[in-house]
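# Commentary on secondary and tertiary structure
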Amino acid sequence: MIGPSFERIPTNMNTKTVPSDIRARNIMAVFNLLFPAATVSRSELGRTLGLSRMAATDVTGEMLDNHIIREVGEDTRTGRGKRSVMLAIDTAFWRIITIDLSQQYLLQGALVDLGGRIIERMETPIEDCANISIALIAELARKLMAVSSQPILGLGVAVPGVVNHEGTVVDAVQLGWKDVPLHDELRDMLDLPVLVGNATNAALVAERFFGEGGADSMLIRIGAGVGASLCINGEIVDGATCMAGEIGHVVVDPEGPGCACGKRGCLEAYLSTNNLYAQIASDPAHRTEILTGAGQLLGRVMAMPLGLLNLHDVTVDAPADIAGETFIHAMGGELSAALNTQYMTIPLLHRCQVGPNASLRGQAISVLRRLVPHIRQLSTRMHTAHDE
């Protein structure tokens, strides 16, 4: 079985095609076909990708040499003729370190294989997200490096905030960060390739490959903050200033409650888990009504953008005692009232299927997408450093 494709990799602005560009594209195309757990023969691979027999042999040979793919036996078809050797992702060699900064009271890290599976995980308890420092992140990364018996391909960090394309955390209210050059600092401290990204985007990437997210989908995360991520035609949408999905501080009622950002009536002031848990604790007998109202509010707020985008599905990533059947049903009811016509139906609504590891696994996939085409160069650099 061939899984969903990765988001498009940004290309160099130089439009001249050189052999290394073709090689990198072919490697990524093969990886896309096999990720996360497909098995394909060389001949099927060549037909699917439009590669000649020689090109398919060359690219798979390089990927075998660099431990990106492996041979997993012969096909099981019956009949006459030589059976084909099947190829799959090599999950035994490379490891990715991934760290999630979006959890309350916890700094989570993991070692992930090339199939996106968590091999080892570590956690560092924290009293306050504002206590997270670059030094603490680097310390956790070093601990994961120390327990890995396999070479490290790179480091991914998922951040609950706005991250630009240079890996600078422009704004992360939960962490109390502004203009923090996280990528550059970690790269220099750890001497590893580093990819810093938005945690909600990472969760949607994980839902695409390991959950129920489609090529045209959205993930809405409800936690200490509220945010969203958007996938169109298989590509995560960053927006003009990397702020796509930052819906938590959009005002839905100017006369509403005060928000941590200083405004009144922000979506986050109504729907954050801190707020909802406080409401339920103060009036437990009306828990159902509180969650129904929260689901209806989110449905009303999201009706216009969902009508505009015509998405296939929407994932709600929130604790089960918040975004359960009551919340999802109420949200769906509001969307149906606003959107359903003979020409349009609402997107499929479902809970996140990947669970609390969504950002960890999704950010690891983003590292794979960025680095797999360049493993040969990384391997050469590692061997050179080792010899010195």
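Labelled according to an unreviewed UniProt entry, the chain appears under the name NagC/XylR-type transciptional regulator, originating from Bifidobacterium italicum. UniProt lists a comment for the chain under the heading Sequence similarities (unreviewed entry), and it reads "Belongs to the ROK (NagC/XylR) family."

Let us now look at the domain arrangement of the chain. What the domain assignment reports for the chain is domain 1 (21-89), domain 2 (95-202 + 357-387) and domain 3 (214-351). Put simply, the middle of domain 1 and the middle of domain 2, counted by C-alpha atoms, are 29 Å apart. Carbon and sulfur atoms supply 69% of the area that domain 1 and domain 2 bury against each other, a total of about 1000 Å² over both sides. Inspection of the region where domain 1 meets domain 2 yields 1 salt bridge. The partner of Glu62 in a salt bridge is Arg376, with the nearest N and O atoms 3.7 Å apart. Take the side of domain 1 that touches domain 2: its biggest share by element is 5 residues, from helix 1 (residues 19-34). When grouped by side-chain class, the residues that make up the side of domain 1 that touches domain 2 number 8 nonpolar, 2 polar and 2 charged.

Time to look at the side chain of Glu207. Summarising the element assignment, Glu207 is placed in helix 6 (residues 199-210). One buried charge, Glu207, has no salt-bridge partner; the nearest side chain with opposite charge is Arg361, at 8.9 Å. Separated by 2.9 Å, the side chain of Glu207 and the backbone nitrogen of Glu212 make a polar contact. Not counting chain neighbours up to four residues away, the residues in contact with Glu207 comprise Glu212, Gly213, Leu219, Thr315, His350, Arg351, Cys352, Gln353 and Val354.

Glancing now at the packing of helix 2 (residues 42-49) against helix 3 (residues 53-65). Where helix 2 contacts helix 3, the two axes come as close as 10 Å, and the packing angle between them is 120°. Comparing their axes, helix 3 and helix 2 come out oblique. As helix 2 runs across helix 3, the sense of the crossing is right-handed. Packed against helix 2, whose contacting residues are Arg42, Leu45 and Gly46, the element helix 3 presents Ala56, Thr60 and Leu64 at the interface. The residue makeup of the contact of helix 2 with helix 3, split by class, is 3 nonpolar, 2 polar and 1 charged.

Before going further, it helps to spend a moment on helix 10 (residues 325-339). Helical geometry: 3.6 residues make up each α-helical turn, so side chains three or four residues apart lie on a common side. Over its 15 residues, helix 10 runs 20 Å from end to end, which matches the ideal 21 Å to within 8%, given 1.5 Å per residue. Looking at helix 10, one finds that the buried residues are Phe327, Ile328, Ala330, Met331, Gly332, Leu335 and Leu339. Next to the buried residues of helix 10 lie strand 12 (217-222), helix 9 (287-309), strand 15 (313-317) and strand 16 (348-351).

Moving on to the sheet that holds strand 4 (residues 95-100). Across the sheet, 5 strands lie side by side as 6-5-4-7-11; this open sheet has mixed pairing. Across the chains shown, the open sheet's two edge strands, defined by having one partner strand only, are strand 6 (118-125) and strand 11 (194-198). Within the sheet, the average angular offset between the axes of one strand and its neighbour, ignoring direction, is 20°. Packed on one face of the sheet, helix 4 (residues 134-147) meets strand 4, strand 5 (106-112), strand 6 and strand 7 (152-159) and runs near 30° to strand 5.

Let's shift gears to the nonpolar core. Ranked by size, the top nonpolar core spans 44 residues in total, and within it Phe31, Ile68 and Leu153 carry the most contacts. Of all the elements, helix 11 (residues 358-371) adds the most residues to this core, at 7 residues. When neighbours within four sequence positions are excluded, Leu153 is seen to be in contact with Trp94, Arg95, Ile96, Leu114, Pro193, Leu368, Leu371, Ile375 and Leu378. Ranked by size, the runner-up nonpolar core spans 32 residues in total, among them Ile222, Leu291, Ala323 and Leu335.

Taken together, the 3 strands give an open sheet; going across it, the order is 1-3-2, and neighbouring strands pair in antiparallel fashion. A single partner strand is all that each edge strand has here, and the edge strands are strand 1 (40-41) and strand 2 (69-74). Sheet topology places strand 2 next to strand 3 (residues 85-89); 4 bridges connect them, and they run antiparallel. Among the inter-strand pairings, Ile69 is bridged to a residue of strand 3, identified as Ile89. Contacts from helix 3 reach strand 2 and strand 3 within the one sheet, and its direction differs from that of strand 2 by about 105°.

Attention now moves to helix 4. An ideal rise of 1.5 Å per residue puts 20 Å on 14 residues; helix 4 measures up with 20 Å between its terminal C-alpha atoms. Regarding helix 4, the residues found buried are Ile134, Ile137, Ala138, Leu140, Ala141 and Leu144. Summarising the axial view, the buried residues of helix 4 lie within an arc of 160°, below the 170-degree limit, and thus occupy one face. Packing partners of the buried residues in helix 4 comprise strand 4, strand 5, strand 6, strand 10 (177-180) and helix 5 (182-190).

Rules of the game
- Residues numbered from 1 in each chain as written.
- Predicted model: local features only at pLDDT ≥ 70, side-chain atom pairs only at ≥ 80, totals over all residues.
- Heavy atoms only, no water.
- UniProt positions renumbered as here; feature names shortened; annotations may be inferred.
- Domains from an automatic or database assignment.
- Buried area = accessible area lost by both parts, 1.4 Å probe.
- Salt bridge = Lys/Arg side-chain N within 4 Å of Asp/Glu carboxyl O.
- Helix = DSSP H or I, 4+ residues; strand = E, 2+ residues; numbered from the N terminus.
- Nonpolar A, V, L, I, M, F, W, Y, C, P; charged D, E, K, R; others polar.
- Buried < 20%, exposed > 50% of the residue type's maximum accessible area, 1.4 Å probe, protein only.
- Lys, Arg positive; Asp, Glu negative; His and termini not counted.
- Polar contact = N/O pair within 3.5 Å; in protein donor to acceptor, adjacent residues only side chain to side chain.
- Contact = heavy atoms within 4.5 Å.
- Axes fitted to C-alpha atoms, helices over the stretch in contact; angles between N-to-C directions.
- Parallel < 35°, antiparallel > 145°, perpendicular 65-115°, else oblique.
- Left-handed = near helix turned anticlockwise from the far one by under 90°.
- Expected span 1.5 Å × (residues − 1).
- Pairing = 2+ DSSP bridges.
- Core = buried A, V, L, I, M, F, W, Y, C linked by side-chain atoms within 4.5 Å.
- Arc of directions from axis to C-beta.

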